[in-house]
Amino acid sequence: MHDFNPPMPSVFIGNLLDADDFEPLDDNFAVSRFLMDAALFDLNGEALTGPSVEGDEKIAQMLAKETMFALTRDDAPSSLNWYTDSIDRMIAVAALLHPEIAFDQAAASHPSGRFKTSLEARIVLFTAMALTSQNNAVHDNMRYALEQYRAFLEGGHFLPKVYGANGQAVQNNLARFNFILDEAKGDLTRFHRLMTMKLQMRDLKRLAQRYDINLPNRELMDEEVYGSMLFGPKVGNGFLQNLLGNHKPITIDLWFMRTWGRYTGTILKDQLDETARDRLIDGLRMSSQSKNMSKLMSEFGVLKRPADVREMDEAELLAYVRHLKLFWEKLRRHYTTGRLNDRMDSRKPKLAAKNHQDNGSASNLKAKLKWPGACEAIMRQIGSPVDSPKNASIRAWIRSVCERALVILKENGLEMNAANLQATLWFPEKLLYGKLTGRSVSRFTASYDDAIIELARKEGITNDTIEATLCTVGTDRSGRRAVSGGDEQRVTGTVVGLRQRAA
C-alpha cells in the first residue's frame, strides 16, 4: 500500500499497478466491471453521479494523489510534458520533412504559397492532428495528420475521409475545416483567431447557425468556450486548444473518462433496456427451432433456454452475450467463406470455395437471426465503458473538480495546468488496463515525438540527423518517453522530493 493515503484505496492506481496477485482478465469489458465493483466497494455501494461537497473532494483528492504517484515513478514512462516538450520535439523532427513547420522563411517561400509564417503551417498540422485523433492510437493519428497536411499543401484543403472506428465524425470535421477556412478566405491567421476566440456557448451557437452549422448542446449555454468548439468539446475545445499551446482546458478523452469512472463507480453504462433482452430471446427461440442451428449453438456452448436467459442477472447476461457474439463472429466467417449455407449445413472445401457470400448477405443473415444485433445492443448498454460525458452538466462538473485537484497539487508544491494534469494521468490509466488484461499497451503510450520519429525514419531521415535535431531543442531521449531534463524543474523540484519520500 502507498503512503499517499488515498480516500479510495481499492481503486487507487498505485495499489493496483503495484499489486502482484492479479489473474489477467479477459478484456477491457471485464476490467471495467472489476474496477467499477471496486469503486462501489469504496463508495459503500453508492456511485457518485453528480456534484456534492464530500464526493467532489474525494474525487479531487484521488486526482491529485494519483498525479503525485505518477510523478514518483522512475520505472515507467511519464507523460507530464506530453503537451509541451513532446510537442516541441515533434515540431523539430517534423521540420526535417517540412521546414516550413518551424521556420518563417521556409513558410513564406514555400512553393504552395499557403503560408505567411511557420505558425500558420503549424496551425494546419495541429488541426489535422486534432481532427484525426478520435479513437486512433498516436502513431496512426500522426500518420493520418501528415497525410492531411500534405493534402493541404497540394490543394489548400483537407481531404475528407474516414479514419478509424469513429471515422464518420473525423470525416465530418475535416470537411468542416474546409468550410470554415473557405469562409475565412483561406486566411490561416484569421482561422487561428476564430479558433482561439473566447465566447459563451450560446453566442457560438448563434454564430454557427448563421453558417448552417448545427452545434449540439454539449456545453451549458453560459459556459465560456473557444471557437474551436466548432469541432466538438473534446477534439476542438480541449485537444486542439492544448496543441495550440493553451493548456487551461482539459481534454476529456476516453482514458480520462475511465479514470473518472474508476473514482465515481460510473465506468460502465449499466442501463439495460429490457426490449434488447426481448429481442435476444425472440431470436434465440427462432434459432432453437432449426436443427442445424441448435446443433452449432450446442457445440459452441451457447444454446440456452429462453426462460434461463430471462432469469439472468446483468452480470450473467453480459457474460452470455459476449460468448454468443463470439459464436456469431465464427458463424459469420464460415458463412461468408461458403463453409455454411443458408440452412446452416456444412459444405465440403471444394464446394465452399465456389460459394463465398458477400458482406451484404451476412448482414441480411444477421438481421434475420435477430440475436446477434441484440447481443451488440446489450453489450453497449451494460458492458461498454462510458467514454464521454453524458451531458453538459457532467462536463462542467468534471472541470470544476479538476480545478479543485489543481489547488490541492499547488498546496503540495506542484503547480500544474489542466492539460498537464490530464496528460500525467493518461499513461498510468493505459498501463492499468494493460496490467489487468496481461496485454502490452506500448503502442497506446507513445507520444507525438515517438510517432514523427518513426515516420521520419521511414522517409529516409537518419538516426544521427534526428538525434542532432533533438539536441537543438534541449531534449533528452534517454529512454523515457515524453520526458525532458526539465521534468523536475517544471514542477519546482517537488518531483524529486516526492520520489525520495516514495523510495
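Everything here concerns the structure above.
Residues numbered from 1 in each chain as written. Predicted model: local features only at pLDDT ≥ 70, side-chain atom pairs only at ≥ 80, totals over all residues. Heavy atoms only, no water.

### Comments concerning the packing of aromatic side chains
Quick note on the threshold: Side-chain rings of Phe, Tyr and Trp (the six-membered ring for Trp) are treated as a pair once their centres are within 6.5 Å; stacked means planes under 30 degrees apart, edge-to-face means over 60, and tilted covers the remaining angles. Numbering goes from the N terminus for both helices and strands, where a helix is a DSSP run of H or I of at least four residues and a strand is a run of E of at least two. Burial classes follow relative accessibility: with a 1.4 Å probe on protein chains only, a residue under 20% of its type's maximum area counts as buried, one over 50% as exposed, and anything between as partly exposed.
Going through the model one piece at a time under the given rule, you end up with 18 aromatic pairs. For the pair Tyr144 and Tyr163, a centre-to-centre distance of 4.3 Å together with 25 degrees between the ring planes defines the contact as stacked. One end of the pair, Tyr144, is in helix 7 (residues 138-155); the other, Tyr163, is in the loop between helix 7 and helix 8 (167-183), and 19 residues separate them in sequence. As far as the burial class goes, Tyr144 and Tyr163 line up, both buried. Centre to centre, the rings of Phe300 and Phe327 are 5.3 Å apart; their planes meet at 45 degrees, and the pair counts as tilted. Separated by 27 residues along the polypeptide, Phe300 in helix 14 (residues 291-300) and Phe327 in helix 16 (residues 314-336) bring together distant segments of the chain.

### A closer look at the nonpolar core
As a reminder, the rule being used: As used here, the term nonpolar core means buried Ala, Val, Leu, Ile, Met, Phe, Trp, Tyr and Cys residues forming a set that is joined through side-chain atoms within 4.5 Å. For this analysis, residues touch if any pair of their heavy atoms sits within 4.5 Å.
Ranked by internal contacts, the top residues of the largest apolar core, which has 117 residues, are Met90 and Met142. Not counting residues up to four positions away in its chain, the partners in contact with Met142 are Met90, Leu125, Met129, Tyr448, Ala451, Ile452 and Leu455. Core analysis: the second largest hydrophobic core is formed by 32 residues, Met312, Tyr320, Val321 and Ile382 among them.

### Concerning the packing of helix 12 (residues 254-264) against helix 20 (residues 392-411)
As a reminder, the rule being used: Orientation is described by lines fitted to C-alpha atoms, with helices fitted over the stretch in contact, and by angles between N-to-C directions that extend from 0 to 180 degrees. Any angle from 65 to 115 degrees is called roughly perpendicular, while one under 35 is roughly parallel, one over 145 is roughly antiparallel, and all others are oblique. The nonpolar class holds Ala, Val, Leu, Ile, Met, Phe, Trp, Tyr, Cys and Pro. Asp, Glu, Lys and Arg form the charged class, and all remaining residues, Gly among them, are polar.
Where helix 12 meets helix 20, the closest approach of the two axes is 13 Å, and the angle between their N-to-C directions is 75 degrees. Of the possible angle classes, the one that applies to helix 12 and helix 20 is roughly perpendicular. Where helix 12 abuts helix 20, its residues Phe256, Met257 and Trp260 lie against Trp397, Ile398, Val401 and Cys402. Residue composition of the contact of helix 12 with helix 20, grouped by class: 7 nonpolar, no polar and no charged.

### A word on helix 19 (residues 371-382)
Counted only if it meets this: A helix's residues, less one, multiplied by 1.5 Å, set its expected span.
Counted at 1.5 Å a residue, the expected span for helix 19 with its 12 residues is 16 Å, and the 16 Å between its end C-alpha atoms agrees. Burial runs high along helix 19: 9 of the 12 residues are buried. The complete set of buried residues in helix 19 reads Trp371, Pro372, Ala374, Cys375, Ala377, Ile378, Met379, Gln381 and Ile382. In this fold, the buried residues of helix 19 make contact with helix 2 (28-42), helix 13 (274-288), helix 16 and helix 18 (359-369).

### Here we look at the environment of Ile91
Note on placement: Ile91 falls in helix 4 (residues 85-97). Each C-alpha atom of the pair Ile91 and Asp308 lies 59 Å from the other, and the pair is 217 residues apart in sequence. Non-local contacts of Ile91, meaning those with residues more than four positions away in its chain, are made with Ile101, Ala102, Arg122 and Phe126.

### Overview of helix 11 (residues 235-243)
The periodicity of an α-helix, 3.6 residues per turn, causes residues three or four positions apart to be oriented the same way. Most of helix 11 is tucked away: 9 of the 9 residues are buried. Along helix 11, the residues classified as buried are Val235, Gly236, Asn237, Gly238, Phe239, Leu240, Gln241, Asn242 and Leu243. One or two steps after helix 11, the chain reaches Gly245, where phi turns positive at roughly 105 degrees.

### Regarding the packing of helix 6 (residues 118-131) against helix 9 (residues 188-196)
Applicable threshold: Handedness of each helix crossing follows the sense of rotation of the near helix against the far helix: counterclockwise by less than a right angle gives left-handed, clockwise gives right-handed.
Direction vectors running N to C along helix 6 and helix 9 enclose 55 degrees, while the axes themselves pass 9 Å from each other. In terms of orientation, helix 6 and helix 9 fall into the oblique class. The way helix 6 lies across helix 9 gives a crossing that is left-handed. Two secondary-structure elements touch here, helix 6 through Glu120, Ile123, Val124 and Thr127 and helix 9 through Leu188, Thr189, Phe191 and His192. Across the contact of helix 6 with helix 9, the residue classes tally to 4 nonpolar, 3 polar and 1 charged.

### Quick look at the pattern of salt bridges
Rules: What counts as a salt bridge is simple: a side-chain nitrogen of Lys or Arg found within 4 Å of a carboxyl oxygen of Asp or Glu.
Taken as a whole and assessed by the stated rule, the structure comprises 23 salt bridges. Measuring nitrogen to oxygen at the nearest pair gives 2.6 Å for the salt bridge that ties Arg399 to Glu219. Here Arg399 is found in helix 20, whereas its partner Glu219 is found in the loop between helix 10 (201-210) and strand 2 (224-226), with 180 residues between them in sequence. Each member of the pair, Arg399 together with Glu219, is buried. A salt bridge links Arg343 to Asp345; the shortest N-O distance between them is 3.2 Å. Note on Asp345: relative accessible area 26%, which makes it partly exposed.

### Considerations on the side chain of Ser294
Threshold: Under the rule applied, a polar contact is a pair of N or O atoms within 3.5 Å (in protein, one hydrogen donor and one hydrogen acceptor; residues adjacent in sequence only if both atoms are side-chain atoms).
Of note, Ser294 is situated in helix 14. At a separation of 2.8 Å, a polar atom in the side chain of Ser294 contacts the main-chain carbonyl oxygen of Ser288. Once residues within four sequence positions are removed from consideration, Ser294 is found in contact with Ser287, Ser288, Gln289 and Leu303.

### Digging into unusual backbone geometry
Peptide bonds are mostly trans, and most non-glycine residues show a negative phi. Despite not being glycine, Asn5 has its phi angle at roughly 55 degrees, a positive value. On the basis of relative accessible area, Asn5 is assigned to the exposed category, the value being 62%. For Asp212, which is not a glycine, the phi torsion comes out positive at approximately 60 degrees. Mapped onto the elements of the fold, Asp212 is located in the loop between helix 10 and strand 2.

### Considering the side chain of Glu429
Along the chain, the position of Glu429 falls in helix 21 (residues 418-437). Take Glu429: its relative accessible area is 1%, and that puts it in the buried class. There is a polar contact of 2.6 Å between the side chain of Glu429 and the side chain of Arg262. Contacts of Glu429, omitting those with residues within four sequence positions, involve Ile13, Trp255, Arg258, Thr259 and Arg262.

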